[in-house]
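Commentary on secondary and tertiary structure
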Amino acid sequence: MGSKEKGKRGEGGASPRARKGEFPIRAEDYELMEPIGDGATAVVRRARCLPLGGEVVAVKIMNLSLRSEADVNNASEEVKTMILTDHPNLLSAYCSFTQDENLWIVMPYMAGGSCFHLMKSSFPKGFEEERFIAFVLRETLRGLEYLHGKGHIHRDVKAGNILLDQHKGVKLADFGISASVYDSMINRNGKRHTLVGTPC
Ligand SMILES: Nc1ncnc2c1ncn2[C@@H]1O[C@H](COP(=O)(O)OP(=O)(O)OP(=O)(O)O)[C@@H](O)[C@H]1O
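Residues numbered from 1 in each chain as written. Predicted model: local features only at pLDDT ≥ 70, side-chain atom pairs only at ≥ 80, totals over all residues. Heavy atoms only, no water.

A word on the pattern of salt bridges. Tallied over the full model, the rule gives 8 salt bridges. Across the pair Lys-60 and Asp-174 runs a salt bridge, and its minimum N-O distance is 3.7 Å. Residue Lys-60 is found in strand β3 (residues 55–63), and its partner Asp-174 is found in the loop between β9 (170–172) and β10 (179–180); the two are separated by 114 residues along the sequence. Its relative accessible area of 23% is what places Asp-174 among the partly exposed residues. A salt bridge links Arg-138 to Glu-139; the nearest nitrogen and oxygen atoms lie 3.0 Å apart. Taken together, the shared-partner salt bridges connect Arg-26, Glu-28 and Asp-29 into one network. (Salt bridge = Lys/Arg side-chain N within 4 Å of Asp/Glu carboxyl O. Helix = DSSP H or I, 4+ residues; strand = E, 2+ residues; numbered from the N terminus. Buried < 20%, exposed > 50% of the residue type's maximum accessible area, 1.4 Å probe, protein only.)

Our next topic: the packing of aromatic side chains. Overall, the coordinates contain 6 aromatic pairs when judged by the stated rule. Here Tyr-30 and Phe-97 contribute two aromatic rings whose centre-to-centre distance is 6.1 Å and whose plane-to-plane angle is 25°, an arrangement assigned as stacked. Pair noted here: Tyr-30 is in strand β1 (residues 30–38) and Phe-97 is in strand β4 (residues 95–99), with a separation of 67 residues, a long-range link. For the pair formed by Tyr-30 and Phe-97, the shared burial category is buried. Between the aromatic rings of Tyr-30 and Trp-104, the centroid separation amounts to 6.4 Å while the plane-to-plane angle is 50°, which identifies the pairing as tilted. Residue Tyr-30 is found in strand β1, and its partner Trp-104 is found in strand β5 (residues 102–108); the two are separated by 74 residues along the sequence. By relative accessible area, Trp-104 is classed as buried at 7%. Feature note: the residues Tyr-30, Phe-97 and Trp-104 constitute an aromatic cluster, connected by ring pairs. Residue placement shows Arg-46 over the ring face of Tyr-109; its charged tip is 5.7 Å from the ring centre. (Phe/Tyr/Trp six-rings, centres within 6.5 Å; stacked < 30°, edge-to-face > 60°. Lys NZ or Arg CZ within 6 Å of the ring centre and 35° of its normal.)

Quick look at the UniProt feature "binding site: ATP" (unreviewed entry) in the chain now. Here the UniProt feature "binding site: ATP" (unreviewed entry) sits at Lys-60. Setting aside residues no more than four positions away along its own chain, Lys-60 makes contact with Ala-42, Val-43, Val-44, Glu-78, Leu-103, Trp-104, Ile-105, Met-107 and Asp-174. Engagement of the side chain of Lys-60 in a polar contact is seen with the side chain of Glu-78, the distance being 2.9 Å. (UniProt positions renumbered as here; feature names shortened; annotations may be inferred. Contact = heavy atoms within 4.5 Å. Polar contact = N/O pair within 3.5 Å; in protein donor to acceptor, adjacent residues only side chain to side chain.)

Any region with low pLDDT has predicted coordinates that should not be read closely. Confidence in the prediction of the chain, expressed as mean pLDDT, is 84, and 80% of residues score 70 or more. β10 is the least confidently modelled element of the chain, averaging 73 in pLDDT, while β9 averages 97, the highest of any element. Between residues 1–10, whose pLDDT stays under 50, and residues either more than four places distant or in other chains, the model counts 42 contacts. For this predicted complex, the interface score ipTM comes out at 0.92, alongside a pTM of 0.83. (pLDDT = per-residue confidence, 0-100.)

Right, here's the structure in full:
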């Protein structure tokens, strides 16, 4: 698990009043608030979108100058997947843009944080309620089924990448190392050559 989460949760949530095309693509249109997670490759912060009446969003900010060319390509693929993705159980992006050397990805704010965060803070021995576990798994699998139907594999499914909002919404996040099954890294048996992901 590569993510260390911080910051308070609760205000706002993934129930947007605005739609994808309405989000501005200038950093000055967002008021950054506290960090809500930092992963291996980026910082994620809660933010308000000022032209949209202060709508609460999450912004993932990646410093591209610290990345190799391959990592920059991965980031660009991640954005592409998030922008094109349209399923209630997958975290999509409202918009993305670059500001100086940083890539910004603006997305719905998931006020409940990740399952990893929830377990760490409230269920150190793991979730006990089977109905809750079954619910989260079903929602996650729905997202994966959609993704696979589009010829895409996620490759980093873990508790830190399953996010919860305050309306019982579950979204699978982090397409940083996801891949298309149609690309050239797949061998003739349909298997990828590469081992990726972070230990959970
Ligand atoms: N939209 C969001 N709403 C609320 N929290 C979020 C959101 N997106 C990410 N986070 C938090 O930030 C953490 C890191 O995000 P993300 O997994 O996208 O970054 P990463 O650098 O790719 O992480 P890693 O590679 O270590 O998994 C998540 O585990 C989650 O806790």
